[in-house]
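Architecture at a glance
The lines below spell out each chain.
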Amino acid sequence: QVRLVETGGGLVQAGGSLQLSCSASGSVLRLGAMGWYRQAPGKQRELVAQATSMGATNYGDSVKGRFTISVDNVEKTGFLQMNDLKPEDTAVYYCNAFLAPLDTGIPTNYWGQGTQVTVSS
């Protein structure tokens, strides 16, 4: 079964760092564009960062200069490095990516299960 598996969330003090990982599992031919989103309680899900299959990146205004998205296409894993974390970064973080399953080769959109990031002041 093809899916995205997230790891790396947790509790950190303001000013600290965390790295989230998102790995494609199952029979995956290739990993395409990937994005990270977050949703805080009572708020809509918002884009944090995204990377195209060609390596172009885009960030939400609130995380520019602090967060970095990267993708290892060989390992079919994406990363979100989060530095200088602030209490307002507290949310459930979700990865989203296009995966081409081995049996079809057709890029299909998948979501990870979400991982909690809590930043204490």
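Now for a look at the structure at hand.

What counts as what
Residues numbered from 1 in each chain as written. Predicted model: local features only at pLDDT ≥ 70, side-chain atom pairs only at ≥ 80, totals over all residues. Heavy atoms only, no water. Helix = DSSP H or I, 4+ residues; strand = E, 2+ residues; numbered from the N terminus. Rg over C-alpha atoms; globule rule 2.2 N^0.38 Å. Buried < 20%, exposed > 50% of the residue type's maximum accessible area, 1.4 Å probe, protein only. Contact = heavy atoms within 4.5 Å. Pairing = 2+ DSSP bridges. Axes fitted to C-alpha atoms, helices over the stretch in contact; angles between N-to-C directions.

Glancing now at the overall build of the protein chain. A tally of helices and strands in the protein chain yields zero helices and 11 strands. Listed by position from the N terminus, the elements making up the protein chain come as β-β-β-β-β-β-β-β-β-β-β. Relative to a compact globule of 121 residues, whose C-alpha radius of gyration would be 14 Å, the protein chain shows 14 Å and is just as compact. Taken over the C-alpha atoms alone, the protein chain extends approximately 45 × 25 × 25 Å along its principal axes. Evaluated residue by residue, the protein chain yields a buried proportion of 40% over its 121 residues. A sequence separation of at least 24 residues applies to 57% of the contacts in the protein chain between residues at least 6 apart.

Another aspect to go through is the sheet that holds strand β8 (residues 77–82). Overall, antiparallel pairing links the four strands, which are arranged β1-β3-β8-β7 in an open sheet. Looking at strand neighbours, the two that pair on one side only are β1 (3–7) and β7 (67–72), the edges of this open sheet. Between one strand and the next, the sheet's axes are offset by a mean angle of 15 degrees, whatever the strand orientation.

Right, let's talk about the pairing of β1 for a bit. Along any regular strand, the residues point their side chains to alternate faces of the sheet. Of the two faces of β1, the one holding Leu4 and Glu6 is buried and the one holding Arg3, Val5 and Thr7 is not buried anywhere. Pairing of β1 with strand β3 (residues 18–25), which is carried by five bridges, proceeds in the antiparallel orientation. Counted as the bridge partner of Leu4 is Ala24 from β3.

Read these as spatial facts, not as claims about activity.
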